[in-house]
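Residue-level structural notes
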Amino acid sequence: MGTIFRLKCNQTPPIHHPSPMPRSHDSGGVWTSMGALERESGRRHTLDLPLLALRLVPFFVSCALYFLLWLPSDKPSWTSALVKCLPILCLAFLVHTTAPTGCSSRFIQGGLLCSALGDVFLIWPNQFLFGMAAFGMAHLFYLGALGWLPTRLAHLGAVTAVSSLYFGHLQPHLPSDLSLPVAVYMAILGLMLWRALARGRTAALGGLFFSLSDSVLAWDAFVQPLPPARLIIMGTYYTAQALLALSTVETRGSGAD
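What counts, and at which threshold
Per-chain numbering applies: the sequence of each chain, read as written, is numbered from 1 onward. Residue-level local features of this predicted model are given only where pLDDT is at least 70; pairs of side-chain atoms are given and counted only at 80 or more, and the full residue set underlies all totals for whole chains, interfaces and linings. Heavy atoms throughout the structure, all of them, feed into the side-chain values; hydrogens and water do not. The way it works is that DSSP assigns letters per residue, a run of H or I at least four long becomes a helix, a run of E at least two long becomes a strand, and they are numbered from the N terminus. Categorising residues by exposure relies on relative accessible area from a 1.4 Å probe, with only protein chains included: less than 20% of the type maximum marks a residue as buried, more than 50% marks it as exposed, and the intermediate range marks it as partly exposed. Two residues qualify as a contact provided that any one of their heavy atoms is within 4.5 Å of a heavy atom in the partner residue. For helices, the fitted axis covers only the stretch in contact; all axes are lines through C-alpha atoms, and the angles between them, taken along N-to-C directions, range from 0 to 180 degrees. Angular relationships are summarised with four words: roughly parallel below 35 degrees, roughly antiparallel beyond 145, roughly perpendicular across 65 to 115, and oblique for the angles in between. Left-handed describes a crossing whose near helix is turned anticlockwise from the far helix by less than a right angle; the clockwise case is right-handed. Residues are grouped as follows: nonpolar covers Ala, Val, Leu, Ile, Met, Phe, Trp, Tyr, Cys and Pro; charged covers Asp, Glu, Lys and Arg; every other residue, Gly included, is treated as polar. Working definition of a nonpolar core: buried Ala, Val, Leu, Ile, Met, Phe, Trp, Tyr and Cys residues. They are joined through side-chain atoms within 4.5 Å. Between 30 and 60 degrees the pair is tilted, below 30 it is stacked and above 60 it is edge-to-face, where a pair is any two Phe, Tyr or Trp rings, Trp via its six-membered ring, whose centres lie within 6.5 Å. Definition used: whenever NZ (Lys) or CZ (Arg) falls within 6 Å of the ring centre and also within 35 degrees of the ring normal, the charge is taken to sit over that ring.

Focus on the environment of Trp148
Positionally, Trp148 belongs in the loop between helix H7 (128-146) and helix H8 (153-170). For Trp148, a relative accessible area of 48% corresponds to the partly exposed category. Considering only alpha carbons, one finds Trp148 and Ala196, 48 residues apart in sequence, at a separation of 9.9 Å. Other than its neighbours up to four places away in sequence, Trp148 contacts Leu143, Trp194 and Arg195.

Some words on the packing of H7 against helix H10 (residues 201-223)
Their axes nearest at 13 Å, the elements H7 and H10 cross at an angle of 165°. Classified by the angle between their axes, H7 and H10 sit roughly antiparallel to one another. The handedness of the crossing between H7 and H10 comes out as left-handed. Here Phe128, Phe135, His139, Tyr142 and Leu146 of H7 come into contact with H10, specifically with Ala203, Phe210, Asp214, Leu217 and Phe222. In terms of residue class, the contact of H7 with H10 is built from 8 nonpolar, 1 polar and 1 charged.

Points about the nonpolar core
If you look at the biggest cluster of nonpolar residues, it comprises 52 residues, and the most contacted ones within it are Phe59, Leu91, Leu112, Tyr142, Leu170, Phe210 and Tyr238. Those elements that provide at least two residues to this core are helix H4 (57-69), helix H5 (78-98), helix H6 (103-123), H7, H8, helix H9 (179-199), H10 and helix H11 (229-254). A per-element tally of this core places H11 first, with 10 residues. Filtering out sequence-adjacent residues up to four positions away, Leu170 remains in contact with Val182, Met186, Ala218, Phe222 and Val223.

What to know about the packing of aromatic side chains
Under the criterion given, the structure shown has 16 aromatic pairs. An angle of 70° between the planes, with centres 5.9 Å apart, marks the rings of Tyr66 and Trp70 as edge-to-face. Pairwise contacts between aromatic rings join Tyr66, Phe67, Trp70, Phe135, Phe210, Tyr237 and Tyr238 into one cluster. A cation over an aromatic ring shows up here: Arg195 above the ring of Trp194, its NZ or CZ 4.6 Å from the ring centre.

Re the environment of Trp70
Considering the arrangement of structural elements, one finds Trp70 in the loop between H4 and H5. Residue Trp70 is classed as partly exposed on the basis of its relative accessible area of 34%. With 13 residues separating them in the primary sequence, Trp70 and Val83 have C-alpha atoms 9.4 Å apart. For Trp70, the contacting residues outside a window of four places in its chain are Arg230 and Leu231.

Observations regarding the packing of H7 against H9
In contact at an axis separation of 9 Å, H7 and H9 are set at 25° when each is read in the N-to-C sense. The angle between the axes of H7 and H9 places the two elements in the roughly parallel class. The interaxial crossing formed by H7 with H9 has left-handed handedness. The residues of H9 that touch H7, namely those facing Leu129, Met132, Phe135, Gly136, His139, Leu140, Tyr142, Leu143, Ala145 and Leu146, are Pro181, Val182, Tyr185, Ile188, Leu189, Leu191, Met192, Arg195, Ala196 and Arg199.

Laid out in C-alpha cells, this is it:
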C-alpha cells in the first residue's frame, strides 16, 4: 500500500494546453469586423430617431421660451442675451453628445458657439460690427465642416449672381463705414451657402434658411423696417442652425466625414 501511495503522489498532473484562439479566415478579418461595427454605429446615429428627438427637446423648449417671453429688443439686457442664445447653446450640446466624433462635428460646434457669441453682441446695437464678425467666424467654421467637394460650380454661379444683385440694392442704404464689412460678410455667407447647397440634404436647407434670415435682417435694419421682421429673422435663424447641427448626424451614415 505504501508503494502504491508513493506512485500516486509522484505522478505528474496532466498539462492542459489552452485551445488556440479562433483565427479569421483572412488576415483582414479583425479590420473587417471593426469596419462593420463603425458602419453599424453610423447607422445608429442616423436612424435612432426617438433618441434624437428626445435630445432636441431642450432646443425646442428654449426656442418656445424665446418666443413666449418676446423680450423687447429696444431694452437690451443680459437676460435677453441669454434667452436669445440659449437655443444655440442647446444645439452645440446636442452635436457634442450625439454627432459622431470628427472634424465635421467639431467645426459645427465651433460655428454654433461663435453664433451664440454673435447673438449676445447683436443684443446691443452699438456692438453690430462685433456681432457680424462673430457670425463671419461661424460661417468659416461651417465652411470647414461642409468641405469643398463636390464643387458644383453651377451653384456657385447662382449664389454669386443673387448675392451681387441683393448687395447692389442694399449698398446705397449702408453707412459708409459698414459697406466694406457687410460686403466681406456677404461674401463669406455666400461661400457657406454654396458649400451647403453642394452638400445637399439638411445642410442645404440650413444654408438657405440662414441666408434668408440675414437678408431680412439687413433689409429691415438698413432699407425699410418690416413689421414681422423679428419673427421671420429668428424663426428662420433657429431653423437654419438646427438643420446645420442635424447635418452632422447624417454625415457618418453618408460616409462624408
